[in-house]
Amino acid sequence: MSVAQKQQLDSLSILVNQLHEDNLELEKEINEYDKKIDEVDNHIDKIKGQKTIVKEIYHEKINSVDKLTVRELDSFFTDRYK
């Protein structure tokens, strides 16, 4: 193997090592973004759960309005729109 070929091989070896290091850095960044995505997904799931609870509460209140007397309805709307 000639000196020029050895130099070229060494240059390529250095380049490959640099590419491996760059790849590791990119993988670290990807893992950080994956963690952030998981956090956002968990937050979204929490909000969806809270939305469902609020929806059920209002559904119960709406259904209970049908059973209220006039006096109870007046009190309900007075309290609601203070």
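These numbers were taken from a predicted model, which means no experiment stands behind them.

Visitor: Tell me about the pattern of salt bridges, residues and numbers included.
Guide: Any two side chains of opposite charge can pair if their charged atoms end up close together. Applying the stated criterion across every chain yields a total of one salt bridge. A salt bridge links Glu-25 to Lys-28; the shortest N-O distance between them is 3.9 Å. Here Glu-25 and its partner Lys-28 are both found in helix 1 (residues 3–65), three residues apart, which amounts to about one turn of the helix. Using a relative accessible area of 43% as the deciding quantity, one classes Glu-25 as partly exposed.

Visitor: Quick one: what's the story with the environment of Thr-52, residue by residue and with numbers?
Guide: Checked against the element boundaries, Thr-52 lands in helix 1. Judged by its relative accessible area of 40%, Thr-52 falls in the partly exposed class. A distance of 2.9 Å separates a polar side-chain atom of Thr-52 from the backbone oxygen of Lys-48.

Visitor: Can you lay out the environment of His-43 for me, pointing to particular residues and giving the numbers?
Guide: Inspection of the secondary structure puts His-43 in helix 1. Separated by 30 residues in the primary sequence, His-43 and Ser-13 have C-alpha atoms spaced 45 Å apart.

Visitor: Run through a negative patch on the surface, naming residues and quoting values.
Guide: A surface patch of negative charge is lined by Asp-34, Asp-38, Glu-39, Asp-41 and Asp-45. When you line up the elements, Glu-39 lands in helix 1.

Visitor: I'd like a description of a nonpolar patch on the surface, backed by residues and values.
Guide: A cluster of nonpolar side chains, Leu-12, Leu-15 and Leu-19, forms an exposed patch at the surface whose accessible area comes to about 290 Å². Its place among the elements puts Leu-12 in helix 1. The class of Leu-12 is partly exposed, set by a relative accessible area of 45%.

Rules used throughout
Residues numbered from 1 in each chain as written. Predicted model: local features only at pLDDT ≥ 70, side-chain atom pairs only at ≥ 80, totals over all residues. Heavy atoms only, no water. Salt bridge = Lys/Arg side-chain N within 4 Å of Asp/Glu carboxyl O. Helix = DSSP H or I, 4+ residues; strand = E, 2+ residues; numbered from the N terminus. Buried < 20%, exposed > 50% of the residue type's maximum accessible area, 1.4 Å probe, protein only. Polar contact = N/O pair within 3.5 Å; in protein donor to acceptor, adjacent residues only side chain to side chain. Patch = residues over 30% accessible without salt bridge, like charges linked within 9 Å, V, L, I, M, F, W, Y side chains within 5 Å. Areas by Shrake-Rupley, 256 points an atom, 1.4 Å probe, with all protein chains shown as cover. Lys, Arg positive; Asp, Glu negative; His and termini not counted. Charge placed at Lys NZ, Arg CZ, Asp CG, Glu CD.

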